[in-house]
Amino acid sequence: MPVINALSRRTFLRGMGLSGAMIRIGVPALEAMFSPNGTAYAASGKVATSEIETRFLLWFNGNGIPERYWIPRETGPDFEFTPCLNPLAPFRKDIHIITGLDSPAARLPGPGNSHYPSMSALVSGKVYTGRGAGGPSIDQLIAQKLGQESRFRSLQVGVCQESFGESIQRNLSWADRDRPLPPEMIPHRLFDRLFGSKEEHWIDRQKSILDAVEDDAASLKSKLGSQDKARLDEYLTSVRDLERSIASLPPEYKQVVERPPDGGDLKDWPRIAKLQSDLLVHALASHQTRVASYMLTKCQGLSRFPWLGHTAQRHHEYTHGEVETPKGMRILRDICRWHVEEFAYLVGRLKATPEGEGTLLDHTCLLLVHEHAEANAHKNNGLALILAGHTGGMKTGLHTRTIGTLGDLYVTLAGEALKTDIGKFPTFERKLTGFV
C-alpha cells in the first residue's frame, strides 16, 4: 500500500464502544500532515494552510503571591529566578515574566469582598455583577475567533475543587455576563469528553479504549512512513498510559467535593494536576481545541497542602493571619512554588510535543494569571504574570516591568501573537510593546 503524502491535520481514529457509543481519538502531528515548508495540510489533505494553527491557554491560580519571593529584582534577560519561580529555570528561553500591570475594573464599586471584583475584572475587564463576571472572559473572546474549526471551541480544565462556593470563585471562563463555563475537574470525565467513551469497561480495566479504534489505527499505520508509524505508536501508548493512570485513582476521586469538612479528605492534587495537563496536551496536539483555560486552584480557594507538609490551614487562610511572619511567608512561598511547578510541568509537556518543524510550545501562547498581586493586601495593581510559548514571535527570556492594564496585554497578545482581532477589551487603553 502506498505511503500517504498528504494527511489532514484533523484526522481522527474512530470506532464503537461496547454500548455503541462513538469513540474518537485525535491523531497527533505527523510528518504526513505537513508540506515540505512545514505548514499544515487543511481538511482536504491536499492544500497546505498558510501556517500551523496557534493556540491560547489561560492558566489561573488563586489567592495571589508573596511578592518578595516571587518577583525578580532584575529586569531584562539576566534576571535571577526567585524561590517561587525556580521550577521554571529550565525554561528561561521559553518564558517572559511580566510585572507592573493594573486591573482598574477591580476597584470600581460593586458587591462582594475584594476577591469577587478582582476575579471579574481579571477575566472580563468588567465589574462583578453580584452573580458572576460582568462579561465574556478573555479566553472566550479569543475562542470566538480561533475555535470555530476545532472539535471543541474551547476546553475548561480544573484541578483543586475546594472553594467558598460562589460562581465567581469557582469559574475562570465565562461565555458572557453571568454565564459561567465550569471547569472539568474530574480526570475520568475529561478523558470521556476527549475520547468519546462514557462506559465503565475501560475504567474497570476490562478493556482499553484503544481496542475500539484498533482496526482504524492499523489501517492508518499501513499507509504511513516509518517515522510516522513510530510517532503514532508512541502517541497511542501515551493514551494507554493515561487510561491506566486515571483508572488507578481511588474511587472517591470521581466525585466533586467543593468544601470538605475540617479533617476531611485531602486529595493528591499534584497527581490530578499532571493528569489534567497531560489530557489537555493531548487535546491541543490532536487539534481538538485551540483555546483552553486551566484553573489549578480556585479564587479564594480552600485547598490544603499535605504533600508540602502544610495542613494546619487552608490556602486562603495561609495568605492572611500570620503571613507576614517569617514562618508564614515561607509557607506561602512553598505553596506558590508548587503552583509554578505545575505550570512548568505543562510548559515542559508542550515543549516535548513535536509539531511541524518545531514543538507544540512554538505554536502556543500560554498566560499565567492571579486575581491579585500581593496576596495579603489583595493588590490589584502591580500584577505579576508569566507568558510562555513562541507563537507569533513572542519575546521570551525576559523579566519586564511595565505600565498599562490587563486589557492592554490581552489585546496585544490576541492581535500580535495570535493574529486575531477581539475588538477592544473593556480595560484596553493602548497596545503594549516589547512582548511580541
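### What to know about the sheet that holds strand 8 (residues 291–295)
- In spatial order, the strands read 5-8-3-11-12-4-13; together these seven strands make up an open sheet with mixed pairing. Edge positions in the open sheet fall to strand 5 (155–158) and strand 13 (398–401), since each of these has one partner strand only. Along the sheet, successive strands turn relative to each other by an average axial angle of 15°, direction set aside.
- Across five bridges, the pairing between strand 3 (residues 55–60) and strand 8 is parallel. In the strand pairing of strand 8, leucine 58 is matched with serine 293.
- The strands that helix 8 (residues 269–285) touches are strand 3, strand 5 and strand 8; relative to strand 8, the one it contacts most, it runs at about 175°.

### What about helix 5 (residues 187–195)?
- Where burial is concerned, most of helix 5 is hidden: seven out of the nine residues are buried.
- Residues Pro187, His188, Leu190, Phe191, Asp192, Leu194 and Phe195 constitute the buried set of helix 5.
- Contacts from the buried residues of helix 5 go to strand 2 (22–26), strand 5, helix 7 (226–247) and helix 8.
- Glycine 196, located one to two residues past helix 5, shows a positive phi value of around 90°.

### Description of the nonpolar core
- Within the largest apolar cluster, 83 residues are counted, with the highest numbers of intra-cluster contacts made by Ile25, Trp70, Leu88, Tyr294, Phe343, Leu366 and Ile386.
- Ranked by residues supplied to this core, first place goes to helix 10 (residues 326–351) with twelve residues.
- If we skip the residues at most four places from it in the chain, isoleucine 386 touches Trp70, Leu85, Leu88, Ile95, His96, Ile97, Phe343, Leu366, Leu367 and Leu368.
- The next biggest cluster of nonpolar side chains, apart from the first, holds 43 residues, and it includes Leu146, Ile168, Leu367 and Met394.

### A few points about the pairing of strand 11 (residues 364–369)
- Taking burial as the measure, the six residues of strand 11 include six buried ones, the bulk of the element.
- Residues Thr364, Leu366 and Leu368 of strand 11 are buried on one face, and the alternating residues Cys365, Leu367 and Val369, pointing to the opposite face, are buried as well.
- With six bridges joining them, strand 3 and strand 11 adopt parallel strand pairing. Among the inter-strand pairings, leucine 57 is bridged to a residue of strand 11, identified as leucine 366.
- In the sheet, strand 11 pairs with strand 12 (residues 383–388) via three bridges, with the strands oriented antiparallel. Paired with leucine 366 across the strands is alanine 388, a residue of strand 12.

### Description of the packing of helix 7 against helix 8
- Between helix 7 and helix 8, the shortest axis-to-axis distance is 11 Å and the interhelical angle comes to 150°. The pairing of helix 7 with helix 8 is recorded here as roughly antiparallel in orientation. Crossing geometry of helix 7 relative to helix 8 is assigned as left-handed. On helix 8, the residues touching Tyr235, Ser238, Val239, Leu242, Ser245 and Ile246 of helix 7 are Arg271, Leu275, Asp278, Leu279 and His282.
- For the contact of helix 7 with helix 8, the per-class residue count stands at six nonpolar, three polar and two charged.

### Some details on the environment of leucine 236
- Inspection of the secondary structure assignment puts leucine 236 in helix 7.
- In this structure the C-alpha to C-alpha distance between leucine 236 and glycine 26, which are 210 residues apart in sequence, comes to 10.0 Å.
- Once you skip the residues sitting within four places of it in the chain, leucine 236 turns out to touch Leu13, Ile25, Leu210 and Ala217.

### Focus: the pattern of salt bridges
- For the coordinates displayed, the defined rule picks out 13 salt bridges.
- Where glutamate 243 meets arginine 240, a salt bridge forms, and the shortest distance between an N and an O atom there is 2.5 Å. On the criterion of helical spacing, the pair formed by glutamate 243 and arginine 240 is a turn pair, its members being three residues apart in helix 7.
- On the accessibility criterion, glutamate 243 (0% relative accessible area) is buried.
- With its nearest N and O atoms 3.1 Å apart, the salt bridge here joins arginine 337 to aspartate 334. Placement of both arginine 337 and aspartate 334 in helix 10 is noted, with a separation of three residues, approximately one turn of the helix.
- Relative accessible area serves as the criterion here: at 26%, arginine 337 is assigned to the partly exposed category.
- According to the relative accessible area criterion, aspartate 334 is buried, its value standing at 16%.
- Sharing partners across several salt bridges, the network here consists of Glu53, Arg55 and Glu355.

### Considering the packing of aromatic side chains
- Applying the stated rule across the entire model yields nine aromatic pairs.
- Considering the side-chain rings of tyrosine 116 and tyrosine 128, the 5.2 Å spacing of their centres and the 70° angle between planes classify their relative orientation as edge-to-face. Taken together, the residues tyrosine 116 in helix 2 (residues 115–124) and tyrosine 128 in the loop between helix 2 and helix 3 (138–146) connect sequence positions twelve residues apart. Here the two residues tyrosine 116 and tyrosine 128 agree in accessibility, since each one is buried.

### Remarks on unusual backbone geometry
- Here the phi dihedral of glutamine 300 falls at roughly 55°; this positive angle occurs in a residue that is not glycine.
- Along the chain, the position of glutamine 300 falls in the loop between strand 8 and helix 9 (315–318).
- Phi is positive for histidine 378, close to 55°, though the residue is something other than glycine.
- Residue placement: histidine 378 occurs in the loop between strand 11 and strand 12.
- What makes histidine 378 buried here is its relative accessible area of 17%.

### Structural notes on the pairing of strand 12
- Of all six residues that make up strand 12, six are buried, and the element is covered over most of its length.
- With six bridges joining them, strand 4 (residues 95–101) and strand 12 adopt antiparallel strand pairing. The residue bridging threonine 99 from the neighbouring strand is alanine 384, located in strand 12.

Criteria and cut-off values
Sequence order as written defines the numbering, with residues in each chain counted from 1. Local features in this predicted model are restricted to residues of pLDDT 70 or higher, and side-chain atom pairs are both shown and tallied only at a pLDDT of 80 or more, whereas totals for entire chains, interfaces and linings draw on every residue. The side-chain quantities take in all heavy atoms of the structure and omit both hydrogens and water. DSSP-based pairing: two strands are paired if at least 2 bridges between them are found. The helix count covers DSSP runs of H or I at least four residues long, the strand count covers runs of E at least two residues long, and both are numbered beginning at the N terminus. To get an axis, fit a line to the C-alpha atoms, keeping to the stretch in contact for a helix; angles then go from 0 to 180 degrees between the N-to-C directions. It only takes one pair of heavy atoms within 4.5 Å for two residues to be counted as in contact. The rule is simple: take the accessible area with a 1.4 Å probe, protein chains only, and divide by the maximum for that residue type; under 20% is buried, over 50% is exposed, in between is partly exposed. Buried Ala, Val, Leu, Ile, Met, Phe, Trp, Tyr and Cys residues form a nonpolar core when they are joined through side-chain atoms within 4.5 Å. When describing relative orientation, an angle under 35 degrees is termed roughly parallel and one over 145 degrees roughly antiparallel, while 65 to 115 degrees is termed roughly perpendicular and anything else oblique. Left-handed describes a crossing whose near helix is turned anticlockwise from the far helix by less than a right angle; the clockwise case is right-handed. Under the scheme applied, nonpolar residues are Ala, Val, Leu, Ile, Met, Phe, Trp, Tyr, Cys and Pro; charged residues are Asp, Glu, Lys and Arg; polar residues are all the others, including Gly. The rule for a salt bridge is simple: a side-chain nitrogen of Lys or Arg has to be within 4 Å of a carboxyl oxygen of Asp or Glu. By convention, a stacked pair of Phe, Tyr or Trp rings (six-membered ring in the case of Trp) has centres within 6.5 Å and planes under 30 degrees apart, an edge-to-face pair has planes over 60 apart, and any other such pair is tilted.

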